[in-house]
Structures are given as structure tokens and as C-alpha cells.
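# Observations on the model geometry
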Amino acid sequence: MLLSIEHIYKYFNGEPLLKDISFTLDDKETVGLIGSNGCGKSTLLNIITGSESFDRAADGIGSVTLSPTAAVGFLRQNSGLDSSLSIKEEMLRAFGDLTEVRRRMTELESVMVKESGAGLNDVNIEYSQLAAYFESRDGYRMDVKIRQVLNGMGFAEKSDGQIVSTLSGGEKTRLALAKLLLEDPDLLILDEPTNHLDLRTLMWLEDYLKEYRGCILIVSHDRYFLNKICSRICEIENGRLTSYKGGYSAYLVQKKMDRDRLMKEYESQQKEIAKLEEYVIRNKTRASTAKMAKSRQHMLDRIERIEKPVFYEKPPSIRLEYDIEPTKDILKVTDCPVCVGEGAERKVLVRALDLHIRRGEHVGIIGDNGVGKSTILKLIQGLVPRYGGEILWGRNVKISYFDQEHNDLDPYATVMETVDKRFPLLTPQEVRNMLGAVRLTGENVFKPVSVISGGEKAKLCFALMAFERGNVLILDEPTNHIDLNTKEVLEDALAEFKGTVIIVSHDRYLLDKTVNRIVEISAEGARVFEGNFELYEKTIRQERLESEQAEQLEKQERLKEEYIRSKQAKYRSKEQRAADAKRRARIKELESEIESLEERIAELSAEISQPETAADFALMSEKCSELENCRKTLDEKMEEWAQLE
């Protein structure tokens, strides 16, 4: 067990924020910590890391116990980095003593070149010890790990020498997370780690965390992220912490079952209490039944009363319907560039967009930040200029548009006036009923649109969309500012909508639940994937795997070719060395033979000049013939020697 928390409390101004919190963290489990804003999630993280104290109950019980050998890493929102360092220098700080060990080894290598004698022996011993430690901590792969994590976290195009102070706020947050991953703590605590991450980086981070060797505690509002990597969900609600096994989807099912069970238990107990109280009231004054009434009162006193379950406020009601059936082909976009700006400032985001949407399809549009997804929604509606290509809408199409900036709302009009302008035939009571369905009630309906919250503006837009009864819904980041209850209601409404939906969103849980086609936008155009987000993700992961396998196979083939060439080169070199050796041996042999021949020629010349040889014709003839042969052989040997040399 890595962490144990038992019966802790936290009070602010006498009011309990956390009440009787108890839970444990085990090695190699990933836990998601969820709850509404202000419920105490960040406070609990601070208590775990020791940066904030906790309170105990009246009996003094309460403790936070962390394994003494456990290293804890905490990614806070807006984590600070040393702005004066480069990206590489900041990442090397994650390895702590290993960088110092490598520096010392480099120093010793320089000393070893100059040192000799007994001093060299001492240097060798220290170097061997450091090298063994460095290797045992996988120090030789430091640079590889740094590059792997930086690439995964979206810094592939950044220079390692770029100074941290020149990065944007989002880039600094990603860099802080990259550094924390390299530190590899036993307990990794992440507070909203998916902020500022694009889709590709999110997928890489999910894969990385799935293989993480330690324990992970995550605070996040990204439901898809929690669903992918968590083995347990812990929710703080009304000051109390409840643990649920499995990911986010499993949590939803279990929570509903728990709520239903608690309500049934509460209602059942209330009925039993009511019966007992009624009996006591009716019978306590009668002499014949007073004893029984007293017994019932004792039963009432002994009952451990179940608190009435406190649920969130009633969720809004969103019903999306339409009256007119459009044609089969809803939208065709052909060879259409997507641009922002005008004149000399105009910038092409997508070179050529081709898109075909049919009746009843629910299409999710995704892509990197700044690629032009929101601009595409405006382009197909004619809200921004078109610079080429063709956009054709089918007949009987009625569009209802949700703009993430809510630019179609008059900021000076009240909520009531906004609805009245769109639907002047509605009575004030009908308008109030319409707004009440999305939980815009009380004085809020008389406030100007400019002063209500982002979530309330979104609810107003949903109410307007419901009354517009469009058969094509176009939504731009509809879940950005709404609470969890409203998200779930919207997801159900979109999933049940029989018309056509075109939605741009980073909410992968929403996309997974509501769309049946994914369109990925890049600078080159659109790529279509059939199915929901999970199927898209599987396809992308499979493509990535196949690409990596192809690269690996290509690398293996390249290495194999290099090995064969090297072997052939070595083989030729071996033959050449053998030939050279044979040539040198032959030269030596020829030199010896030439020397012998020259000596023999000198001897024969001396013998022929003697009188006794001249007097003997046969002997003279023999000596002259041998001399001629020796000179001929010498010429041949000399020619061969010259060629070999």
C-alpha cells in the first residue's frame, strides 16, 4: 500500500469541506478524482502532498500515511519551470544525480588519459563504480528517454536549445508534464493534465500512462481520458468521498445504482419511522397500550437514521426534434479552400475541402488547434467568404447553429427578450416554461445576456435550438462551459436526434456517444472515418502500429543490406590481404632466385675465361649453354619481379 488516508476532515470558517475522508492507493493503480468545482479536490491533493494540514474529528482520530520510500511527483496547474534554462537542460534536471554522475565520469575520462601509476588505479576504481551505478539506473538511455517524451508531448519540432521563457503558457504546462514523466515518481499526481493538449498528444499520453509502473492519481474533467486509463474513480460529493471500481462509464452505472438503492432505503426507513411514530402517538396515552407505545418509542430511539440522499439539482430538459424531412444528400462541399483573414492578410488553413454529408448522419469534426474547424462551420453556412470550390445544400434543410462564442446573442438584451425576439408569438409564460426546462429560472431570466455565465448562455442557446426545430444541427464546442449534468442531458438528446448533426468538439466522450462518422481536418483536406470516436482511435492506433512496424522492417532490411555489404567488403579485403601476402612472398622468393642466378652467372663467366675450360670444347660448350640459360631465366625473373613490385 502506497498511501492510506483515514478519517480526515477539513474545515473552512467552521464549515466542513471534507468530511470523514478515508481511502487507500495501491501500487500500479490509476485513480481518477472527480467532483464539482469547489468540492475539495485540490485541497485533498494538497493534504496528500503535505502542503496543507488536515483536521481531525472530536475523538482525535485521523491520519495520512505515505510509504516512506515513495517518491511523489505533483503536476499542479500552471506549474513553474526555470525560465532561464533551455528545454534540454530543464529535462535533464529530471534525472537529478545521474547528470552529475555523467559529468564526473567525463572528468575522470580526461584524467585517465594523463594519469599513470597508482593514481590511475584509484581513478579506474572510481570510474568503474560510477559506471556501474550509471548503467543500473539506465543512464545511457537518458537522451533517448528525453527525446521520446518530448516528441510525444508535442515538442518534436522544437529545438532542444530553445529557452523555456520563450514558450507559451500552454507549452510550459506540457513541458512541466514531460519533465514529471521523466522523473518517474512512485506516486504521480496530475491536476488537469489534459489542458493544452491536442488530440495526438492526448492519445500518446494515454498510452504512456497505461504502461506507467507507479501509482497515478488524476484530477480531470476529461471523461474519455478517465475512462481510458483509470482503474478506479473516487468522487467527492457533499464533503464525502465514494470509491467506484472501473473507469468513468462504470462509475456512472454504479452511481445510479447507489443513488436508487439509497433512495429506496431512505424511503423504506421513513415509512417504518412514520408507522412507529403514528403508533406511539395513538397509543401512548392509553393505559392498556402505553407499555407497547413505550416499546415502540425505544425502537424509534434505537434506529440509526439514514440521511436523505442529497442529489444535484434537477438536470435540464433538452428535446431536439424537427418537422420537415430534408433530401437524402444534405451537404456537398467540393474542392473548397478554407481561409481566414482578407486581402494580403488572408491565410489558407485547408487547401481543398471535400465533404459529403447525408441525411441522418451524425458527423464529428476533429483536428489540431488552429486548423480551421470552426471556420469550416461558418464557411458552409455562408457566414465567412468562400474563395473557390462549391458548397451545395439539399432541399428542405433547416439549420440550427450553436456558436461557441455566442456571437448571435445580443449582449444587451435580457434572457427573456432574447427568446421573445426569436419567437414573438410565444406568451411570457411559455417563454418562462421554455427557459425553466433548461434550468434558467428566477431573476436570471431578467438579466442581460452579457452578465450571465458561459454555462447559462449555453443553456439559453440549447433552449433556442430546441424551439427552432432544425433538421440539421451545427454545433461548435457545445460542452465547453456546461456542467456535468447538462453534458449528459445534451449527449442523450443528440444521440436520440433523428436528424443530421455536424459537431466540432474536443470532448471525446461526447463524440464517442453521439457521432457515427469522424472527419479529421488537416492542411491538406478532410479524411473520413466511419464509426464513433473509439473506432477512429483504434484505426489511428493501428495505422501508427503498422507504420512503426514498417519502419522497423525497413530498418531491419537496411541493417541487413549494410551487414551484407560490410561482410562482402570484409571478404574482399581478406582476399586482397591474402593476395598481397602471396605477392610479397613471391617477390621475396624471386629476389632470392635472382641473387642465386646472378651469382651463378658470375661463376660461369669466371670458369669460361679459364684456359683449361677453353682447351676442352665439350666443357666450354656446356658452360656457355648453361650461362645462356641462366641469363634468360634471370631476365624472366627480373620482369616478373618488376611487375609484382
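Structural data are supplied above this passage.
Everything in this summary refers to the structure shown in the same document. It should be emphasised that the depicted structure is a prediction, and the values quoted were computed from it without experimental measurement. (Residues numbered from 1 in each chain as written. Predicted model: local features only at pLDDT ≥ 70, side-chain atom pairs only at ≥ 80, totals over all residues. Heavy atoms only, no water.)

### Thoughts on the side chain of K373
- Counting through the fold element by element, K373 comes out in helix α11 (residues 373-380).
- For the buried residue K373, which engages in no salt bridge, the nearest side chain bearing the opposite charge is E477, 5.8 Å off.
- Those residues within four positions of K373 in sequence are excluded, and the remaining contacts are I365, I366, G367, D368, V504 and H506. (Helix = DSSP H or I, 4+ residues; strand = E, 2+ residues; numbered from the N terminus. Buried < 20%, exposed > 50% of the residue type's maximum accessible area, 1.4 Å probe, protein only. Lys, Arg positive; Asp, Glu negative; His and termini not counted. Salt bridge = Lys/Arg side-chain N within 4 Å of Asp/Glu carboxyl O. Contact = heavy atoms within 4.5 Å.)

### Let's talk about the sheet that holds strand β13 (residues 390-393)
- Spatially, the three strands line up as an open sheet ordered β11-β10-β13, and their pairing is antiparallel. The open sheet has two free edges, formed respectively by β11 (347-358) and β13, since each of these has just one partner strand. Pairs of neighbouring strands in the sheet enclose a mean axial angle of 15°, with direction left out of account.
- Bridge count between strand β10 (residues 329-340) and β11: eight bridges; the pairing is antiparallel. Of the residues in β11, the one forming a bridge with C336 is L353.
- Relative to the sheet, α11 contacts β10, β11 and β13, its axis offset from that of β10 by approximately 125°. (Pairing = 2+ DSSP bridges. Axes fitted to C-alpha atoms, helices over the stretch in contact; angles between N-to-C directions.)

### Some details on the pairing of strand β15 (residues 472-476)
- For β15, a buried count of five out of five residues is recorded, marking the element as mostly surrounded by other parts of the structure.
- The two faces of β15 match: V472, I474 and D476 on one face and L473 and L475 on the other face are all buried.
- Here four bridges tie strand β14 (residues 399-402) to β15, and the two strands are oriented parallel to one another. The partner of S400 across the bridge, within β15, is L473.

### Here we look at the sheet that holds strand β12 (residues 362-367)
- Strand order in the open sheet formed by six strands is β14-β15-β16-β12-β17-β18, with mixed pairing between adjacent strands. With one partner strand each, in any of the chains shown, β14 and β18 (525-530) form the two edges of the open sheet. Within this sheet the neighbouring strands show an average axis-to-axis angle of 15°, counted without direction.
- Running over the sheet, α11 touches β12, β14, β15, β16 (500-504) and β17 (517-522) and is turned about 145° from β15.
- The strands touched by helix α14 (residues 454-468) are β14 and β15; relative to β14, the strand with the most contacts, the crossing angle is about 175°.

### A few points about helix α12 (residues 415-422)
- Looking at α12, one finds that the buried residues are V415, M416, T418 and V419. One face of α12 carries all of its buried residues, which in axial projection span an arc of 160°.
- Residues of α12 that are buried make contact with α13 (428-437) and α14. (Arc of directions from axis to C-beta.)

### Things to note about unusual backbone geometry
- Within the chain, D335 stands out as a residue other than glycine whose phi angle is a positive 50°.
- Relative to the helices and strands, D335 resides in strand β10.
- D335 sits in the partly exposed class, given a relative accessible area of 48%.
- One non-glycine residue, H406, lies in the positive phi region at around 55°.

### Details of the environment of R286
- Within the element layout of this structure, R286 appears in the loop between α9 (248-283) and α10 (290-302).
- Along the sequence, R286 and L464 sit 178 residues apart, while their C-alpha atoms lie 64 Å from each other.

### Remarks on the packing of aromatic side chains
- Scanning the model with the defined rule gives 12 aromatic pairs in all.
- Taking 5.3 Å as the distance between ring centres and 50° as the angle between the ring planes, the aromatic pair formed by Y248 and Y251 counts as tilted. Of the two residues, Y248 and Y251 are both situated in helix α9; the distance of three residues between them amounts to about one turn of the helix.
- Taking relative accessible area as the criterion, Y251 reaches 2% and is therefore assigned buried.
- A ring pair is formed by Y322 and F497, whose centres lie 5.6 Å apart and whose planes are at 70°; its orientation type is edge-to-face. Taken together, the residues span a long stretch of sequence, with Y322 in the loop between α10 and β10 and F497 in the loop between α15 (484-496) and β16 at a distance of 175 residues. Comparing Y322 with F497, the two get one shared label, buried.
- Its guanidinium or amino end placed over the ring of F155, R174 lies 4.8 Å from that ring's centre, counting from NZ or CZ.
- Note that R346 overlies the ring of Y387, its terminal NZ or CZ placed 4.1 Å from the centroid. (Phe/Tyr/Trp six-rings, centres within 6.5 Å; stacked < 30°, edge-to-face > 60°. Lys NZ or Arg CZ within 6 Å of the ring centre and 35° of its normal.)

### Comments concerning the pattern of salt bridges
- In the structure shown here, the tally under the stated rule is 55 salt bridges.
- Put simply, E90 and K179 hold a salt bridge, and the shortest N to O gap is 2.8 Å. Highlighted residues: E90 in helix α2 (residues 87-92) and K179 in helix α6 (residues 169-183), separated in sequence by 89 residues.
- Among the residues examined, K179 registers a relative accessible area of 14% and is labelled buried.
- A salt bridge links D492 to K513, with the shortest nitrogen-to-oxygen separation between them at 3.1 Å. Taken together, the residues D492 in helix α15 and K513 in helix α16 (residues 508-514) connect sequence positions 21 residues apart.
- Assessed through its relative accessible area of 36%, D492 is described here as partly exposed.
- Owing to a relative accessible area of 39%, K513 belongs among the partly exposed residues under this scheme.
- Put simply, E206, D207, D222, K228, R508, E537, R541 and R544 are held in one network by salt bridges that share partners.

Bear in mind that shape data such as this cannot, by itself, settle questions of function.
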